[in-house]
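Coordinates in review
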Amino acid sequence: KQEVTQIPAALSVPEGENLVLNCSFTDSAIYNLQWFRQDPGKGLTSLLLIQSSQREQTSGRLNASLDKSSGRSTLYIAASQPGDSATYLCAAGAGSYQLTFGKGTKLSVIP
Amino acid sequence: EAGVAQSPRYKIIEKRQSVAFWCNPISGHATLYWYQQILGQGPKLLIQFQNNGVVDDSQLPKDRFSAERLKGVDSTLKIQPAKLEDSAVYLCASSFLRTGGSEAFFGQGTRLTVV
């Protein structure tokens, strides 16, 4: 059974800092790894999708990497802004295209 | 492109009552998912449809939860009778299955409070 772990559970950084969020998964037989953002009381917004054959994906200030062999993915956020404050969830896609989620990292960017 | 639509956004019911949630996926998406997200946790898959057939409902509490997907498009999730521990956000998602490992898109969710 796939298990996804996100560390740290919460992170507080000053505005402008670069930061890394970590995601690990136990079963490397995944189709993809997807990062989401969730604002309080809202649904999930897809940020980046990395296919199993890819090593990384970039969108603006966000860069996500995937290392299947070690069961790890990272989300790098450059030049953080207060608007980046949210909970970030990673999800491993496997089996019948199911997503297994971590518990998320709650990010606070302090102005 | 319209996103995944869910209704209602919020629902408060008493325990032992019944409730239903509705989801309209992105047009053309064959796969539809219902997830339950308890406060402070990541979403947990309840049921997955491929067109109008069930792919996986292994984590659906079938004694009280039921779901259907009419004509392979809209879906409803029902809880009857509700328990206090059912208080959560219910998220619907869809993906275009034919591309293996395709991106999943989520709706805004329905926040259920059982009192």
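Note: the structure precedes this text.
Residues numbered from 1 in each chain as written. Chains lettered and ligands numbered in written order. Predicted model: local features only at pLDDT ≥ 70, side-chain atom pairs only at ≥ 80, totals over all residues. Heavy atoms only, no water.

**A few points about the interface of chain A and chain B**
Taken together, the 20 residues of chain A in the interface contact 23 residues of chain B. Of the roughly 1,700 Å² buried at the junction of chain A and chain B (both faces included), carbon and sulfur atoms supply 49%. Counting across the chain A and chain B interface gives 0 salt bridges. Across the contact surface, chain A and chain B share 6 residue pairs in polar contact (both at pLDDT 80 or more). Put simply, the parts of the chain that give the side of chain A that touches chain B at least two residues each are β4 (32-38), β5 (44-51) and β10 (98-101) of chain A. Residues belonging to the side of chain A that touches chain B are distributed by class as follows: 8 nonpolar, 10 polar and 2 charged. (Contact = heavy atoms within 4.5 Å. Buried area = accessible area lost by both parts, 1.4 Å probe. Salt bridge = Lys/Arg side-chain N within 4 Å of Asp/Glu carboxyl O. Polar contact = N/O pair within 3.5 Å; in protein donor to acceptor, adjacent residues only side chain to side chain. Helix = DSSP H or I, 4+ residues; strand = E, 2+ residues; numbered from the N terminus. Nonpolar A, V, L, I, M, F, W, Y, C, P; charged D, E, K, R; others polar.)

**Here we look at the sheet that holds strand β3 (residues 19-24) of chain B**
Residue and element names in this part refer to chain B. Across the sheet, 4 strands lie side by side as β1-β3-β8-β7; this open sheet has antiparallel pairing. In the strand order of this sheet, the two ends are held by β1 (5-7) and β7 (65-69), each with one partner. Ignoring strand direction, the axes of neighbouring strands in this sheet form an average angle of 15°. When β3 meets strand β8 (residues 75-79), the two strands line up antiparallel, connected through 5 bridges. Bridging from a neighbouring strand, Phe 21 pairs with Leu 77 of β8. (Pairing = 2+ DSSP bridges. Axes fitted to C-alpha atoms, helices over the stretch in contact; angles between N-to-C directions.)

**Details of the side chain of Asn 63 of chain A**
Mapped onto the fold, Asn 63 of chain A is located in strand β7 (residues 62-67). In terms of polar contacts, Asn 63 of chain A uses its side chain to reach the side chain of Glu 56 of chain A, at 2.8 Å.

**A closer look at the state of the cysteines**
All names here are of chain B. Summed over the entire model, instances satisfying the criterion amount to 2 disulfides over all chains. Each sulfur of the disulfide joining Cys 23 and Cys 92 lies 1.9 Å from the other. The disulfide joining Cys 23 to Cys 92 has a torsion of about -70° about its S-S bond and is therefore left-handed. Of this pair, Cys 23 sits in strand β3 while Cys 92 sits in strand β9 (residues 88-95), and the two are 69 residues apart along the sequence. Exposure remark for Cys 23: the relative accessible area of 0% places this residue in the buried category. (Disulfide = S-S within 2.5 Å. Buried < 20%, exposed > 50% of the residue type's maximum accessible area, 1.4 Å probe, protein only.)

**Concerning the pairing of strand β9 (residues 86-94) of chain A**
Residue and element names in this part refer to chain A. The buried fraction of β9 amounts to 8 of the 9 residues, a majority that puts the element mostly inside the structure. Two strands pair when backbone bridges link them, and β4 and β9 are joined in this way by 7 bridges, in the antiparallel orientation. Within the sheet, the bridge partner assigned to Asn 32 lies in β9 and is Gly 93. Pairing analysis gives 3 bridges linking β9 to strand β11 (residues 105-110), with the strands arranged antiparallel. Along β11, the bridge assignment pairs Thr 87 with Lys 106. Relative to β10, β9 runs antiparallel, the two being bridged by 4 bridges. Note that in β10 the partner of Ala 94 across the bridge is Gln 98.

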